[in-house]
Amino acid sequence: MAVFRSGLLVLTTPLGSLAPRLAPILTLAARLVNHTLYVHLQPGMSLEGAAQPQASPVQATFEVLDFISTFYSGAKVHTHLDVRILLTNIRTKSAFLPLLPSPVQNLAHPPEVVLTDFQTLDGSQYNPVKQQLERYATSCYSCCPQLSSVLLNPDYGELPVGSLDVPLPSTIRPSSPVARSPKQPVRGYLRGAVGGTFDRLHNAHKVLLSVACILAQEQLVVGVADKDLLKSKLLPELLQPYTERVEHLSEFLVDIKPSLTYDIVPLLDPYGPAGSDPSLEFLVVSEETCRGGMAVNRFRLENDLEELALYQIQLLKDLDHKENEEDKVSSSSFRQRMLGNLLRPPYKRPELPSCLYVIGLTGISGSGKSSIAQRLKGLGAFVIDSDQLGHRAYAPGGPAYQPVVEAFGTDILHKDGIINRKVLGSRVFGNKKQLKILTDIMWPVIAKLTREELDQAVAEGKHVCVIDAAMLLEAGWQNMVHEVWTVVIPETEAVRRIVERDGLSEAAAQSRLQSQMNGQQLVDQSHVVLSTLWEPHITQRQVEKAWALLQKRIHKTPAYD
């Protein structure tokens, strides 16, 4: 059967019976749809009979909210699917009115196929039922003109005794001691808020946003963390830009509930609009941000504003997390999994030796770049240490010795005539004019020595060469490499390492870092990112992953066939 880019899954089984059937339903859907899967809940609807089925409102109860969480949790194993549960027909008690005829809802990715769990008595693909399904889908949503339809017939196997009509796990609750039951209707509010980083919008985000959309009847304010609030994030260099996060967020929200007005704003402090907007009535938080929600309420009370109703979402567990990752579905774990992956296409360098693939390895001072270079050497790479080339160039009789002495004077020399690099470093770090004089001398010399080393790598029969250079991009040496690999760590950790390694003061270490591109600037021009933030064996695992992926890439090129 054909695979479709986008699909609409219409679920008709009552929710209490549906939860244990989700895994096989999702497995079948994931075989047919490879990108966006929209989900429409219409429990109890029949697709048999002459009359065309009509969309009817589904009352928002805590069972519905819990089911949404369960569905997104189950869908996370199908990593290729962007699942979106549509909320147009899910109504809170205060807005529980019959659905009136309305324009067909436009979706960002019009479905090419409509699927359903509705089963005919004999389990066959009964054409009149499929026609009813197609008519129902097109009466609710914008679909592709040549819409296909499939009646899923999943093999449920032997469901555990008592597995049907069992209450779903309680995953969503008001942050108060008030008891709740699954069938209890959820209260609706006119306006509310939710906040987060929303990096690489994932299923845990979608639960948080879906609950907020169900609670809100008119407007939802969405705070998206930016600037200072991102500094404490793990691997902030790999965060999607604010505009990109907002774009994905906006598309998702408009898809799932277009009737709301969305105000998406940058979140620049811990309180955001939730702390100051008197029109807001509720705030949706996660388990880990619940304290922040309570702090918002204290702030509001201090400023003579009413408290917000807090709704707390339990975290989705990530059963496949690695030892250095969080045990919840988390953007930070996703960013860690990007380490070692190719982030953008390599450069084409026909001027380089055809049998040699060149990696430029860079990173801020103290990042652990040289240790990564040695790990790559252990895997078979030829490593060119630009720092050692600099030593050679500085040495008496070296190509840079006389020009440097003439530019900076003989007081930078030891008694034996060797250049005192510490004295020279203190002269140029923090002084842009002096640093430029030095780099204008050194960079062309080191580039020439590097090209000689590349020829040596070819002579030794090496296929991968790594140029270890802290100033690779500043010097413009990316024109000598196929890929730029950057090692990142937090600046505070880099300062600590520099102080410990070189015996400098914190101020001197920070001055050294300020003379270089920062981690974000490096990553923005990089093909692969690595980090030495964790234990050595985790760094080794990253390097081995990056190396294995590199081998696959270079053996696809004609020179390696």
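Computed from a predicted model, the values in this text were never measured in an experiment.

### Things to note about the sheet that holds strand β4 (residues 82-86)
Here is step 1: Pairing within the open sheet is parallel, and its 5 strands lie in the order β4-β2-β1-β6-β7. The outermost strands of the open sheet, each flanked by one partner alone, are β4 and β7 (148-151). If you compare each strand with its neighbour and ignore which way they point, the axes differ by 20 degrees on average.
Here is step 2: Relative to strand β6 (residues 113-116), strand β1 (residues 4-11) runs parallel, the two being bridged by 4 bridges. Its bridge partner being in β6, Val10 is matched across the sheet by Thr116.
Here is step 3: Most of the contacts of helix α4 (residues 127-140) go to β7, to which it runs at about 125 degrees, and overall it touches β1, β2 (33-41), β6 and β7.

### With respect to helix α9 (residues 369-378)
Here is step 1: Looking only at α9, the buried set comprises Lys369, Ile372, Ala373 and Leu376. With its buried residues spanning 105 degrees around the axis, α9 presents them on a single face.
Here is step 2: Looking at the buried residues of α9, the elements they touch are β14 (357-363), β15 (382-385), β16 (464-468), β17 (483-488), β18 (528-531) and α17 (536-554).

### Points about the layout of surface pockets
Here is step 1: A volume near 1400 Å³ is recorded for the largest pocket.
Here is step 2: Broken down by secondary-structure element, the contributors of at least two residues to the lining of the largest pocket are α9, α10 (386-394), α12 (421-428), α13 (432-459), α14 (491-502) and α15 (506-514).
Here is step 3: When grouped by side-chain class, the residues that make up the lining of the largest pocket number 16 nonpolar, 16 polar and 10 charged.
Here is step 4: When its volume is computed, the second largest pocket comes out at roughly 1100 Å³.
Here is step 5: Taken together, 46 residues line the second largest pocket, and the ones lying closest to its centre are Gly195, Gly196, Thr197, Lys233 and Thr289.
Here is step 6: Elements with a minimum of two residues in the lining of the second largest pocket: β9 (189-196), α5 (203-215), β10 (216-225), β12 (282-286), α7 (290-302) and α8 (331-338).

### So, the side chain of Arg335
Here is step 1: With respect to the helices and strands, the residue Arg335 is situated in helix α8.
Here is step 2: Within polar-contact distance, the side chain of Arg335 engages the backbone oxygen of Leu234 at 2.8 Å.
Here is step 3: Among all residues touching Arg335, those that are not within four sequence positions of it are Asp199, Arg200, Lys233, Leu234, Leu235, Leu238 and Leu239.

### A few points about the nonpolar core
Here is step 1: If you look at the biggest cluster of nonpolar residues, it comprises 67 residues, and the most contacted ones within it are Leu37, Phe71, Leu115, Leu220 and Val284.
Here is step 2: For this core, the leading source of residues is α5, giving 9 residues.
Here is step 3: In terms of domain composition, this core takes at least three residues from each of domain 1 (4-151) and domain 2 (188-313).
Here is step 4: Setting aside its immediate chain neighbours within four residues, Val284 contacts Ala193, Val194, Leu208, Val211, Ala212, Leu215, Tyr311 and Ile313.

### Remarks on the confidence of the model for the protein chain
Here is step 1: Looking at the protein chain, the pLDDT average stands at 91 and 93% of residues meet or exceed 70.
Here is step 2: Below pLDDT 50 for its whole length, residues 160-166 participates in 10 contacts with residues either more than four positions away or in separate chains.

### Examining the sheet that holds β14
Hydrogen bonds between backbone atoms are what pair the strands of a sheet, whose relative direction is either parallel or antiparallel.
Here is step 1: Read from one edge of the open sheet, 5 strands run β15-β16-β14-β17-β18, paired in parallel fashion. Unpaired on one side and paired on the other, β15 and β18 mark the two borders of the sheet. Going from strand to strand, the sheet's axes swing by 25 degrees on average, the running direction of each strand aside.
Here is step 2: Across 4 bridges, the pairing between β17 and β18 is parallel. In the sheet register, Val488 faces β18, and the bridge partner there is Ser531.

### Points about the domain arrangement of the protein chain
Here is step 1: According to the domain assignment, the protein chain consists of domain 1 (4-151), domain 2 (188-313) and domain 3 (339-555).
Here is step 2: A separation of 27 Å is found between the C-alpha centroids of domain 1 and domain 2.
Here is step 3: Every contact between the two is made by 25 residues of domain 1 and, on the other side, 18 residues of domain 2.
Here is step 4: Roughly 1700 Å² of surface becomes buried between domain 1 and domain 2 when both sides are summed, with 60% attributable to carbon and sulfur atoms.
Here is step 5: Remark: the boundary between domain 1 and domain 2 carries 3 salt bridges.

### Here's the deal with the pattern of salt bridges
Here is step 1: Enumeration according to the criterion identifies 25 salt bridges in this entry.
Here is step 2: Here Glu63 ties to Lys183 by a salt bridge, and the two come within 2.9 Å at their closest N and O atoms. Of the two residues, Glu63 is situated in helix α3 (residues 62-75) and Lys183 in the loop between β8 (172-174) and β9; the sequence distance between them amounts to 120 residues.
Here is step 3: The exposed category is assigned to Lys183, whose relative accessible area is 59%.
Here is step 4: Close ionic contact of Lys206 with Asp82 constitutes a salt bridge, the shortest N to O distance being 2.6 Å. Placement of Lys206 in helix α5 and of Asp82 in strand β4 is noted, with a sequence separation of 124 residues between them.
Here is step 5: Residue classification places Lys206 among the buried positions, given a relative accessible area of 3%.

Definitions and limits used
- Just so you know, the residues in each chain are numbered from 1, in the order the chain's sequence is written.
- Local features in a predicted model are, by the rule used here, given only for residues with pLDDT of at least 70; side-chain atom pairs are given and counted only at 80 or more, and totals for whole chains, interfaces and linings are based on all residues.
- Note: side-chain values were computed over all heavy atoms of the structure, leaving out hydrogens and water.
- Here, strands pair whenever DSSP counts at least two bridges between them.
- Strands here mean DSSP runs of E at least two residues long; helices mean DSSP runs of H or I at least four residues long; both are numbered from the N terminus.
- Simply put, an axis is a line fit to the C-alpha atoms, just over the touching stretch for a helix, and the angle between two N-to-C directions goes from 0 to 180 degrees.
- Note on definitions: a residue-residue contact is assigned when non-hydrogen atoms from the two residues lie within 4.5 Å.
- Type-normalised accessible area, obtained with a 1.4 Å probe on protein chains alone, sets the label of each residue: buried when under 20%, exposed when over 50%, and partly exposed for intermediate values.
- Here, the arc refers to the directions that run from the helix axis to the C-beta atoms.
- Points on a 1 Å grid over protein atoms alone make up a cavity when a 1.4 Å probe fits among them but cannot get out, and a pocket when they form an open set with protein on both sides within 12 Å along at least five of seven lines; lining residues each have an atom within 4 Å of a point.
- Grid points are joined across faces, edges and corners, and a volume is the space filled by probe spheres set on the points.
- Under the convention adopted here, Pro, Cys and the residues Ala, Val, Leu, Ile, Met, Phe, Trp and Tyr are nonpolar, Asp, Glu, Lys and Arg are charged, and Gly plus all remaining residues are polar.
- Side-chain atoms alone can form a polar contact between residues adjacent in sequence; in general such a contact is a pair of N or O atoms within 3.5 Å, and within protein one must be able to donate a hydrogen while the other accepts it.
- For the purposes of this section, nonpolar cores are sets of buried Ala, Val, Leu, Ile, Met, Phe, Trp, Tyr and Cys residues that join through side-chain atoms within 4.5 Å.
- The source of the domain bounds is an automatic or database domain assignment.
- The predictor attaches a confidence to each residue, and that confidence, scored 0 to 100, is pLDDT.
- Two parts placed together each lose some accessible area under a 1.4 Å probe, and the buried area is that loss summed for both.
- Criterion for a salt bridge: a side-chain nitrogen of Lys or Arg within 4 Å of a carboxyl oxygen of Asp or Glu.

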